[in-house]
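Take a look at the letters that make up each chain.
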Amino acid sequence: SSGINAEWPLRPGFRLTVEIMNTSNSHPITGAYLVLVTNDTLYVLEKSYLSLPLLVPSLTYNVNTMIRCTSDQGITDTVSVFVYVKGKCSPVLTAVIDMPASESMIVG
């Protein structure tokens, strides 16, 4: 299972925190990685590919990256999150995050 939490700061950048938990009772997961996909005309990702550490059962891991909005037009979009495990063709987890308008768009 996982939780996704986004924090909305005062600048047109966002810190995205993804919480990952291995819900297996006894099997650690190795070779997992997180992929972020978004509209590159609206957002710049600090990292779009993040290797995950050994995922020990029942422990929560936080993965952080920054997302910067490049538009001042008040347009928002989504960020898709995919978690893959080495050796598997399909993601083991997918999520879509609706991005809010950055403060510069709201105040501007």
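Please read all numbers here as calculations on a predicted model, not as lab measurements. (Residues numbered from 1 in each chain as written. Predicted model: local features only at pLDDT ≥ 70, side-chain atom pairs only at ≥ 80, totals over all residues. Heavy atoms only, no water.)

A.B. asks: Give a description of the nonpolar core that names residues and reports values.
C.D. replies: Core analysis: the biggest nonpolar cluster contains 23 residues, and Leu34, Leu36, Leu52, Ile67 and Met99 have the highest contact counts within it. Mapped by element, the contributors of at least two residues to this core are strand S2 (13-21), strand S3 (32-38), strand S4 (43-45), strand S6 (60-69) and strand S7 (78-85). (Core = buried A, V, L, I, M, F, W, Y, C linked by side-chain atoms within 4.5 Å. Buried < 20%, exposed > 50% of the residue type's maximum accessible area, 1.4 Å probe, protein only. Helix = DSSP H or I, 4+ residues; strand = E, 2+ residues; numbered from the N terminus.)

A.B. asks: For the packing of aromatic side chains, give the residues involved together with the corresponding values.
C.D. replies: Tallied over the full model, the rule gives 3 aromatic pairs. Measuring from ring centre to ring centre gives 6.4 Å for Phe82 and Tyr84, while their planes differ by 35°; the resulting arrangement is tilted. Judged by relative accessible area, which is 23%, Phe82 ranks as partly exposed. (Phe/Tyr/Trp six-rings, centres within 6.5 Å; stacked < 30°, edge-to-face > 60°.)

A.B. asks: Run through the pairing of S3, naming residues and quoting values.
C.D. replies: When you tally the buried positions in S3, you get 5 out of 7 residues, the bulk of the element. Inspection of the sheet shows S3 paired to S7 by 7 bridges, in the antiparallel sense. Residue pairing for S7: Val35 is matched across the bridge by Phe82. (Pairing = 2+ DSSP bridges.)

Function cannot be inferred from these measures alone, as they are strictly geometric.
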